[in-house]
Amino acid sequence: MKTTKTGSGTIATGHTEAESQAVVKAPARIASSQADRIERSKSRKARHEADKPQFSRSGENAGSLSGLKHLWETAKNSEARAVLQSAAKSASALDTSSLVAVRLAPRALAPRGDTEGIIERIERIDRESGETRVTVVFRPNKKGLRAVELDNLADLEGVPNGAPVVMKPSGKLVAAIDVSRTLTLANMIGVVKKQGDKLVLVARNGLSPIQRLPLDDADASLVGKTVMVDVFSPMSSSRHGGVREVLDASDPLKVRYGELAVESGIASTFPKDVLAQVQEITRTATFEPGAGVVDLRGKLFLATDNPAIETDGVSKDRDQAFHIEAREGGGHVYYYAIADKRHLIARDSPLDRYATEKMLTMYLPGFDYPVLPRELSEDLLSLNAGAPRAAIVMQIAVDANGNVLDEESKTYRAIMQSSWDGCYKDQQAYYDGKDVPALDAAQKQQLDLAWGLYQDFAKAALARGEIEDQNDGNIPAQRVTKELSVNANGFIGRALTTAGAAGLNRYHAQPKQEKTDAFAQKSQALAKVVGRPELAWYPPKESISEYLARIDKDDPCAPALGAWAMRTNERAVVSVDMHGHHGLGLKEYTWGTAPMRRNVDMYNLEQLAGVYARRVDPALVQPYTEEELTKLADRHNIVEDTMRYVERNVGEVQTAAALAPFVGKTVTGSVFDVAPGGVTFACADPKVRLFVPAKILGDAAGERLELAESGVELASQSGKVRYRVGDGGITLRIRDVDVEAGRVAVERAS
């Protein structure tokens with residue numbers, strides 16, 4: 001099939017050059033009269049319109065998504081029209097405005113059938129000229145399928161990086177991309193420039209989904225400044241933006257982290273109607289116990305949390321606080337107070353709708369883009385010390401073996417007050433026997449009770465097979481809060497299941513047998529290669545959790561073993577179906593302890609409160625139906641996947657930034673892991689990991705390196721060069737670093 005250039009791009013014509021010449025040379029059919037020609041023209045037009053897909057002109061995406069419609073209008077033969085008709089039909093009940101027509105790059109092969117994946121913009125550097133060009137690829141989710149390079153960069157303008165899409169191949173050259181589940185590009189970061197008598201925002205890099213954006217009512221004084229803008233109609237040819245914030249260009253890393261988030265569709269600002277509602281809430285908020293609300297202000301609650309233990313700062317968005325008492329007969333009773341967002345945020349209000357769309361707080365190095373405005377997430381809803389706050393409280397009884405006693409436990413709404421804005425660092429200092437002046441005797445007693453409860457929970461966790469990587473970087477104080485939350489979430493799941501109420505459950509499937517077999521074989525191979533049989537795992541003699549618990553976390557091979565064990569796990573998702581959480585060893589597990597950063601927790605807490613309210617009044621109904629929760633689960637999973645994508649990209653930039661001061665210098669470390677393509681190097685200082693291609697290491701040694709049969713070492717055929725998991729004392733020279741691109745070039749120094 002031949003392609004032809006039109007005013008808007010390249011389309012399939014369906015004829016080769018030879019076929020086109022044959023058509024030109026064929027004798028023309030002479031109409032018997034002018035009337036006959038007109039009649040036949042009308043008939044053809046009528047058939048064309050009858051077959052034409054119904055392309056919606058309404059909605060946010062109708063503008064640039066008219067690519068499919070345009071290709072239909074310009075299609076000059078039945079084959080091209082059939083391709084597009086097929087694409088539209090494959091959308092089923094979806095509005096066809098969610099389809100973007102794309103052309104595949106030369107020699108690109110589309111996967112067979114509808115295929116889920118993501119859209120990525122990547123930079124390619126020409127080896128000869130050194131010039132950089134940006135290409136768009138469709139990267140299938142299914143392993144083993146190759147990425148598909150797309151030819152029409154402009155038609156995908158406004159589609160976020162990492163956007164979850166479905167490719168619907170309809171021919172060798174044409175496909176439709178379904179963007180119905182894609183996040184809307186809400187913000188953009190760039191530099192303000194003058195274009196004629198107007199101001200535009202110009203992207204700082206070629207990977208931005210929008211390269212140039214007209215600005216509304218921007219001040220000329222902003223020219224040359226780096227700004228954050230709101231984007232309106234991002235996937236329309238009439239897209240435009242409004243300046244919201246001038247960014248500090250002297251902190252390029254923060255600007256780059258922000259770019260990576262907003263370019264993937266993570267919202268960084270709040271709409272005006274949301275801010276107006278916040279002002280009203282601030283003016284009218286009260287915290288007095290009403291009907292059906294328990295007054296717990298007489299109990300001593302502690303809130304300990306912080307998102308970055310390497311800093312001196314403490315968390316400001318405090319989701320939970322605890323009060324613990326000894327249980328008669330042994331064990332403990334812990335009151336787990338969780339911030340009650342619904343106390344201030346009415347359902348279906350602007351705030352509620354915004355949080356439902358955003359779903360999660362995006363945490364970035366040193367800052368975040370919260371799911372709720374800070375006036376709420378860090379003040380009026382946060383369980384800060386010294387102020388009464390609304391909470392949903394789970395009063396949970398636990399026996400001396402760490403087992404939760406559901407029949408002795410209950411849930412209710414309450415007004416409580418925390419007494420300590422603690423952080424893990426101070427909590428850990430107390431556990432280590434150091435003086436923490438901010439703590440009084442009663443607060444220290446609460447921390448002692450929390451430690452005792454944690455010890456009981458830890459025993460129960462090991463007994464049920466909870467998998468925990470000892471090298472995950474968490475300190476014991478963090479594990480205390482983790483176990484309080486894990487067991488509260490398990491309680492929520494069981495309560496909803498017993499009552500037959502739907503919830504947004506955290507589903508973590510059992511690992512596939514081939515994954516656990518592969519881990520067992522790899523651990524055994526490593527044990528044999530290094531001559532240490534205790535490193536081998538032999539199921540089913542011991543569980544993975546028992547195996548990891550006995551491995552010394554300071555062992556040079558421990559980080560790799562922990563990572564391999566974690567890779568046996570399937571990806572956890574949110575689902576209305578209750579399948580349990582394999583990693584935690586719980587048959588029921590439903591998130592509900594972090595509503596300030598995770599919106600699904602609020603829905604589950606409402607469902608939980610509804611279950612206990614129905615015990616008093618059976619005529620009440622649950623706040624959410626299963627159908628409503630199914631839609632919310634899908635939205636959450638899309639946002640969570642997008643944030644994982646952002647975090648990977650941010651991690652690459654962080655690694656490059658950490659190694660930038662070492663350009664031309666050497667760094668020393670160890671082999672964290674090996675793969676057919678190279679070695680993952682764990683640098684000792686700075687503490688980062690980077691992948692070094694086997695070719696670079698082999699060229700330095702003058703030999704080709706290949707993955708050994710053991711799977712735990714990369715070696716040359718002569719055996720003189722060998723990189724084995726756990727080997728230390730390896731030195732690399734940092735040759736070049738591109739921080740913003742997250743690229744590091746290295747060479748072997750020793």
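Report on the accompanying structure. (Residues numbered from 1 in each chain as written. Predicted model: local features only at pLDDT ≥ 70, side-chain atom pairs only at ≥ 80, totals over all residues. Heavy atoms only, no water.)

**Considerations on the pairing of strand β31 (residues 743–748)**
As paired strands, strand β30 (residues 730–738) and β31 are joined by 6 bridges and run antiparallel to one another. Opposite I734, over in β31, you have V746 as the bridge partner. Adjacent in sequence and paired antiparallel, β30 and β31 are bridged by 4 residues, among which G742 carries a positive phi angle near 70 degrees. (Pairing = 2+ DSSP bridges. Helix = DSSP H or I, 4+ residues; strand = E, 2+ residues; numbered from the N terminus.)

**A short note on the sheet that holds strand β4 (residues 115–125)**
As summarised here, the arrangement of the 6 strands in space is β3-β8-β7-β4-β5-β6, forming an open sheet in which the pairing is antiparallel. Every other strand in the sheet has two partners, leaving β3 (99–103) and β6 (148–150) as the edge strands with one partner each. Mean inter-strand twist for the sheet, computed between neighbouring axes without regard to direction, equals 40 degrees. Looking at chain direction, β4 and strand β7 (residues 163–169) are connected through 5 bridges and run antiparallel. Counterpart to T115 in the pairing with β7 is M167. (Axes fitted to C-alpha atoms, helices over the stretch in contact; angles between N-to-C directions.)

**Observations concerning the pairing of strand β12 (residues 226–232)**
The side chains of a regular strand alternate between the sheet's two faces. The element β12 is extensively covered by neighbouring structure, given that 6 of its 7 residues are classed as buried. Of the pairings in the sheet, the one linking strand β9 (residues 187–195) to β12 comprises 5 bridges and is antiparallel in character. If you follow I189 over to β12, its bridge partner there is M228. Examined bridge by bridge, β12 and strand β13 (residues 240–246) share 6 bridges and lie antiparallel to one another. By the bridge assignment, V231 is partnered in β13 with G241. (Buried < 20%, exposed > 50% of the residue type's maximum accessible area, 1.4 Å probe, protein only.)

**Side note on the nonpolar core**
Core analysis: the largest hydrophobic core is formed by 43 residues, its most contacted members being L561, W564, F681 and Y723. Membership of the second largest hydrophobic core comes to 38 residues, among which are L247, Y369, V576 and V653. (Core = buried A, V, L, I, M, F, W, Y, C linked by side-chain atoms within 4.5 Å.)

**Focus on the pattern of salt bridges**
Scanning the entire structure with this criterion turns up 46 salt bridges. As a salt-bridge pair, K299 and E325 come within 2.8 Å of each other at their nearest N and O atoms. Placement of K299 in the loop between β14 (293–295) and β15 (301–304) and of E325 in strand β16 (residues 320–326) is noted, with a sequence separation of 26 residues between them. Residue E325 is classed as partly exposed on the basis of its relative accessible area, which comes to 25%. Between E466 and R464 there is a salt bridge, and its shortest N-O distance comes to 2.9 Å. The exposure class assigned to E466 is buried, which follows from its relative accessible area of 5%. Given the relative accessible area of 24%, R464 is considered partly exposed. Among the charged side chains, a network of salt bridges with common partners joins R506, R571, E640, D641 and R644. (Salt bridge = Lys/Arg side-chain N within 4 Å of Asp/Glu carboxyl O.)

Fair warning: the whole summary comes from geometry, so function is off the table for now.
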